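If you want the building blocks of each chain, they are given just below.
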Amino acid sequence: MTRETAAPRTLAEELRARPDDALTELLRARPDLLSPVPGDVTQLATRAATRASVVRTLERLDRFTLQTAQALAVASDPCSPEELAALLPGGEEALPGALAALRTRALVWGPDERVRLVRTARELLSPSPTAPSPTGLGPTLAEAAAGMSPGRLQEIQANAGLPTTHDPVSALAALTGLFTDRARLAALLEQAPDGAREVLGRLTWGPPFGTVAGGRSGCSDGGAPGPSVTPPVRWLLDRGLLLPTGATAGPDGGRTVVLPREVALHLRDGRAHRELEPHAPEVTARRTHTPATVDATAAGQAFTALGTVDELLTIWEDAPPPVLRAGGLGMRDLKRTAVTLDLPEPLTAFWLELAYAAGLLASDGEPDERYAPTPAADLWRDLPPQERWATLVAAWLPGTRVPGLAGARDAKGRALAALGPGLDRAQAPEVRRRVLDLLAELPEGGVPGEEDLLARLRWERPARGAEELRQRLCAATLREAELLGVTGRGALAGHARGLTMARTAVEVTAAAEAAAARLAPLLPEPLDHVLLQADLTAVAPGPLERPLAEALGVLADVESKGGATVYRFTPESVRRALDAGRTAADLHAFLAAHSRTPVPQPLTYLIDDVARRHGRLRVGAASCYVRCDDDTLLAEILADKRSASLGLRLLAPTVLAATADPGQLLEKLREMGHAPAAESAEGDVLIARAAAHRTPPRSAPEPVPDGPPPPDTTLLAAAVRAIRAGDLAATVPHRERGGKPVAPGGEPPRTTAADTLATLQSAVLTGTPVWLGYVNADGAASQRVIAPVRVEGGFVSAYDHTAEEVRTFALHRVTGVAELDEELRDRFAEG
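The present account deals with the structure reproduced in this document. What you are looking at is a predicted structure, and each value in this text was computed from that prediction instead of being measured. (Residues numbered from 1 in each chain as written. Predicted model: local features only at pLDDT ≥ 70, side-chain atom pairs only at ≥ 80, totals over all residues. Heavy atoms only, no water.)

## Focus: the sheet that holds strand β16 (residues 565-568)
For clarity, the cut-off: Pairing between strands requires that DSSP locate at least two bridges from one strand to the other. Where helices and strands are cited, they refer to DSSP runs of H or I of at least four residues and of E of at least two residues respectively, numbered from the N terminus. Between N-to-C directions, angles cover 0 to 180 degrees, with each direction set by a line fitted to C-alpha atoms, over the stretch in contact for helices.
Spatially, β13-β14-β16-β15 is the arrangement adopted by the 4 strands of the open sheet, whose pairing is antiparallel. The open sheet has two edge strands with one neighbour each: β13 (531-533) and β15 (557-560). Shown here is a sheet whose adjacent strand axes are inclined to one another by a mean of 30°, direction ignored. The pairing of strand β14 (residues 537-540) with β16 spans 4 bridges and is classified as antiparallel. Residue Thr537 lies in a different strand from β16, and its bridge partner there is Arg568.

## Structural notes on the environment of Leu188
Within the secondary structure, Leu188 sits in helix α12 (residues 182-190). Residues Leu188 and Leu178 lie 10 residues apart in sequence; the distance between their C-alpha atoms is 9.2 Å.

## Thoughts on the packing of helix α26 (residues 571-579) against helix α28 (residues 601-613)
Which entries qualify depends on this criterion: Oblique is the label for any angle not covered by the other classes, which are roughly parallel (under 35 degrees), roughly antiparallel (over 145) and roughly perpendicular (65 to 115). Left-handed is the label given to a crossing in which the near helix is rotated counterclockwise from the far helix by less than a right angle, and right-handed is the label when the rotation is clockwise. We call two residues in contact whenever any of their non-hydrogen atoms come within 4.5 Å of each other. Under the grouping applied here, Gly and all other residues not named as nonpolar or charged are polar, the nonpolar ones being Ala, Val, Leu, Ile, Met, Phe, Trp, Tyr, Cys and Pro and the charged ones Asp, Glu, Lys and Arg.
In the contact formed by α26 and α28, the axes pass within 10 Å of each other and the chain directions differ by 60°. By the angle between their axes, α26 is oblique relative to α28. In the packing of α26 onto α28, the handedness of the crossing is right-handed. When α26 is examined against α28, the residues Pro571, Val574, Arg575 and Leu578 are found in contact with a partner set consisting of Leu606, Ile607, Val610 and Ala611. Grouping the amino acids of the contact of α26 with α28 by side-chain chemistry returns 7 nonpolar, no polar and 1 charged.

## Notes on the pairing of strand β25 (residues 781-792)
Pairing between strand β24 (residues 770-775) and β25: 6 bridges, direction antiparallel. From the neighbouring strand, Tyr774 faces β25, where its bridge partner is Ser782. Counted along the chain from β24 to the antiparallel partner β25, the turn is 5 residues long, and its residue Gly779 has a positive phi close to 85°. Note: β25 against strand β26 (residues 795-800), 6 bridges, orientation antiparallel. Bridging across to β26, Val791 finds its partner in Val796. If you look at the hairpin formed by β25 and β26, you'll find 2 residues sitting between the two strands, and Gly793 has a positive phi there, around 60°.

## Topic: the pattern of salt bridges
How we decide: By salt bridge we mean one thing: a side-chain nitrogen of Lys or Arg within 4 Å of a carboxyl oxygen of Asp or Glu. Type-normalised accessible area, obtained with a 1.4 Å probe on protein chains alone, sets the label of each residue: buried when under 20%, exposed when over 50%, and partly exposed for intermediate values.
One pass over the full model with this rule turns up 47 salt bridges. The salt bridge partner of Glu277 is Arg63, with a shortest N-O separation of 3.4 Å. Residue Glu277 is found in the loop between α15 (261-267) and β7 (285-288), and its partner Arg63 is found in helix α5 (residues 63-74); the two are separated by 214 residues along the sequence. Since its relative accessible area comes to 27%, Glu277 is described here as partly exposed. Judged by its relative accessible area of 24%, Arg63 is partly exposed. Among the salt bridges present, the one from Arg434 reaches Asp437, with a minimum N-O distance of 3.7 Å. With a gap of 3 residues between them, Arg434 and Asp437 both fall in helix α21 (residues 428-441), about one helical turn apart.

## Remarks on the side chain of Glu262
Keep this limit in mind: Charge convention: Lys and Arg are scored as positive, Asp and Glu as negative, and His as well as the terminal groups of each chain are ignored.
Considering the arrangement of structural elements, one finds Glu262 in helix α15. No salt bridge forms around the buried Glu262; measuring N to O, its nearest opposite-charge neighbour Arg261 is 6.2 Å away.

## Points about helix α22 (residues 450-460)
Along α22, the positions that sit buried rather than exposed are Asp452, Leu453, Leu454, Arg456, Leu457, Trp459 and Glu460. The inward-facing, buried residues of α22 contact α5, β7, α21, β10 (446-448) and α23 (467-484).

## Observations regarding unusual backbone geometry
The omega torsion across Ser35 and Pro36 is -10°, close enough to zero to call that bond cis. One can find Pro36 in the loop between α2 (20-29) and α3 (41-48). Note that the residue after Gly206, namely Pro207, is joined by a cis bond; omega there is -5°. Looking at the secondary structure, you find Pro207 in the loop between α13 (196-204) and β3 (209-212). Backbone geometry at Asp342 places phi at a positive 60°, although glycine is not the residue there.

## Structural notes on the packing of α21 against α22
Contact geometry for α21 and α22: axes closest at 11 Å, N-to-C directions at 120°. Classified by the interaxial angle, the pair formed by α21 and α22 is oblique. Considering the relative orientation of α21 and α22, their crossing is right-handed. Where α21 abuts α22, its residues Val431, Arg434, Val435, Leu438 and Glu441 lie against Leu453, Arg456, Leu457 and Glu460. Looking at the contact of α21 with α22 residue by residue, the classes come out as 5 nonpolar, no polar and 4 charged.

## Here we look at the packing of aromatic side chains
The criterion, for reference: The rule is short: rings of Phe, Tyr and Trp, with Trp giving its six-membered ring, pair when the centres are within 6.5 Å, and they are stacked under 30 degrees, edge-to-face over 60, tilted in between.
Tallying each qualifying case throughout the model produces 3 aromatic pairs. Between Tyr774 and Phe809 the ring centres are 5.1 Å apart and the planes differ by 75°, which places this aromatic pair in the edge-to-face class. In this pair, Tyr774 sits in strand β24 while Phe809 sits in strand β27 (residues 805-810), placing the two residues 35 residues apart along the sequence. With relative accessibility at 12%, the residue Tyr774 sits in the buried group.

Below, the structure is given as structure tokens:
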């Protein structure tokens, strides 16, 4: 299809004349128009002009395109290219692109020499008698003077040096002509008394409203009470260069005045904006690293990220924290987790939210609800490192939760908690992807300045969200990308460059997997050994294999982390390993098998000494008792003042009874320097293994959508075909029964039930298409071209040319049918 030579009279006519690829671009730029797919072009145009859709589209315009729309809102309707260029001086080079972007999004229509802004956009962007526009301009003279008495208009005409008229329309036209004539208005302003120019200058760039007090006079910008009405202000009011709006301002009888748009444009030399920004701020590399350095740093960060998440899961499977009544994690539990991870609380909140978004953490749903790892966490731990990293990145990139908001307060003053409600921000994935895009546009290894990125984001989406949130999201993206190994030393890593192209969920998963495959060779190989030292420490010179790390984590305590992890052996840690079911021989064999250095003698002695004392005391439930073959040891415990709180008494030479519970008794005896072991009712030693708490199977939370998802090519093609078919069905010429021609009018045909049935049966016999009006179960009327195949049982089965498929229609919902004219009937029959 080609654009018609005649100027379109409506937006629908222009959209109808656009080629299919132009409609595809419109639907791609404004996916909200596809929910549901419009029945025809008229529905598409109506939906494109709705307030919610226009607001959403304006929020996604860049600075200059938005400034162009704002200029059109204060220009004539329609607007000529010359008038628009005069409003946007300095933007002539970028103006065609801005107009093309507005036309693609169906915000403007009409020929290039007479451009019209969609009415809804004009209402949103143009000034009103009581509110300025984003340009800072006020209402026109005619709008501001609406309702003014003819006598007052005559006075203004006379004071301005114009011949008076008794007709308000001609009076306003004469004043408008004066104010739009730069030479005549300049001559009038030359007569202004001292101070008048200063008053006008305070309102020129907006806001255009001020107040004047009764009695004495003056004018203040912004609606604040000003000084009194001085002679300069009176002179301006008498000549219509300032006009009252009729609103009072304060108990002193002050009144609000406004600077007419024509006068403001003269004072601005015709400019719609004080500062025009036709070009995007440039983002350049402030410093540069070699790609190898960037990739190696990012790979190290990625491996550290995996270890942090794994450690977090281990902490919470042993001691799952409770869920707050209002949802989320309590601040005390967040601090406790941060101390255990040796991380600041904001970073801890990020890792918690990331694990939650990846489906590795969730609430268990029990009456005493707690957070714990999910069964998916066990599967995740068994994956190769690069695949675990891909899972985290695939959850991070489209995520809408903002961990940095944890601890802040919402609009109602309620504290926001990590993992709780209120942390979703639909703008987050958009900012995150755009920051990565800008990083990818730099040379490899290039590191931009954060202020440069912010300035670019601000230019690209000036009306999208609050500035504070934009700054927070930009800073968070840079920090989180570094933590995850997406960037290294501030530059985008080579393996992560493919992430910038992903938009849909399927694309994000595929891009994360491809990035993981490129990351795999850069990740350090896990080690199967440690270095034992004589000071009862073990040094892991790199990441350990998971079974070795888990076993060593039970036998020793982590003393320090970093490039090399230091573990320290203590009597308590050795006892912990013995409680877990290991014997002294097992521990000696384990250390000998995994140490590249000889096992130090002090460590051997420590294990043997703890093992020799381990289990000599047995604690069980009587309510509680202690037994030991060494009656001397029991006598020692009984005589120790520290055991007074346990309520011990001697039942037999080898048995003590206690009022404390077994757990408390075990803990107290260990504090006293003993190594007791718990036993069962049968006298067997109980192996103390930490219960790994798990939630029931849980799905990862879905990001909060910011409108409909971007449509794919298949959906766009199908939608355009459906719109074209529906438009053709709604506009085809048809004939009523009897052959009388009827022009297309957009209303569904209406016929009696008998005529409807007869026409459909005839169409089945002849195989010709007909025009059908139909009302669905929701009461929505539509019209379509169908080729009936069968009419029976109160239904008609037909090929629907509008939907391009076979459908069944209930006869009682058919409003009527009509024959097509011969030319279109043959066309549909051939199709």
